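Residues per chain, in single letters:
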Amino acid sequence: MFELFTVGLEMQKRMIDAQMQGVEVARDMVEAARHQVETSLAAQDAGQAGMKAVKGWMNLWGIRA
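Predicted, not measured: the structure shown is a model, and the values here were computed from it.

Rules used in this analysis
- Residues numbered from 1 in each chain as written.
- Predicted model: local features only at pLDDT ≥ 70, side-chain atom pairs only at ≥ 80, totals over all residues.
- Heavy atoms only, no water.
- Helix = DSSP H or I, 4+ residues; strand = E, 2+ residues; numbered from the N terminus.
- Rg over C-alpha atoms; globule rule 2.2 N^0.38 Å.
- Buried < 20%, exposed > 50% of the residue type's maximum accessible area, 1.4 Å probe, protein only.
- Areas by Shrake-Rupley, 256 points an atom, 1.4 Å probe, with all protein chains shown as cover.
- Phe/Tyr/Trp six-rings, centres within 6.5 Å; stacked < 30°, edge-to-face > 60°.
- Patch = residues over 30% accessible without salt bridge, like charges linked within 9 Å, V, L, I, M, F, W, Y side chains within 5 Å.
- Salt bridge = Lys/Arg side-chain N within 4 Å of Asp/Glu carboxyl O.

Each helix and strand counted, the chain has one helix and zero strands in total. Rg of the C-alpha trace for the chain: 28 Å, well past the compact-globule value of 11 Å for 65 residues, more than 25% over. When the backbone C-alpha atoms are referred to their principal axes, the chain occupies close to 90 × 10 × 5 Å. Looking at the chain as a whole, 2% of its 65 residues are labelled buried. Roughly 6200 Å² of accessible area belongs to the chain as shown, and the carbon and sulfur atoms make up 67% of that amount.

Next comes the structure, spelled out in structure tokens:
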């Protein structure tokens, strides 16, 4: 009887460990998505700055766009 109880506890421990690994993976995925959003926003800002610079250069040379 005691051995069955021990086996049951071991199984529960392994299930909890597996669930915790799943939680850690999910947390890492959320963190990666957050970094991706930050990178995308920075790229968008850089693109807008580049377009502004091109328009300024075109105005300097009298080119209308």
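From this point, the narrative continues.
Turning our attention to the packing of aromatic side chains. Aromatic ring pairs are defined here through the distance separating the ring centres and the angle between the ring planes. Per the counting criterion, the structure on display carries one aromatic pair. Ring plane angle 55° and centroid distance 6.4 Å describe the contact between W57 and W61, whose orientation is recorded as tilted. The class for W57 is partly exposed, based on a relative accessible area of 49%. For W61, a relative accessible area of 59% translates into the label exposed.

Another point: a nonpolar patch on the surface. Residues W57, L60, W61 and I63 make up a contiguous nonpolar surface patch of roughly 520 Å² in combined accessible area. When you line up the elements, L60 lands in helix α1 (residues 2-60). Here L60 falls in the exposed class, since its relative accessible area comes to 66%.

What follows covers the pattern of salt bridges. It is possible for side chains of opposite charge to pair when their charged atoms get near one another. One pass over the full model with this rule turns up four salt bridges. Between R34 and E31 there is a salt bridge, with its nearest N and O atoms 2.5 Å apart. Of the two residues, R34 and E31 both sit in helix α1, three residues apart, roughly one turn of that helix. Residue R34 is classed as partly exposed on the basis of its relative accessible area of 39%.

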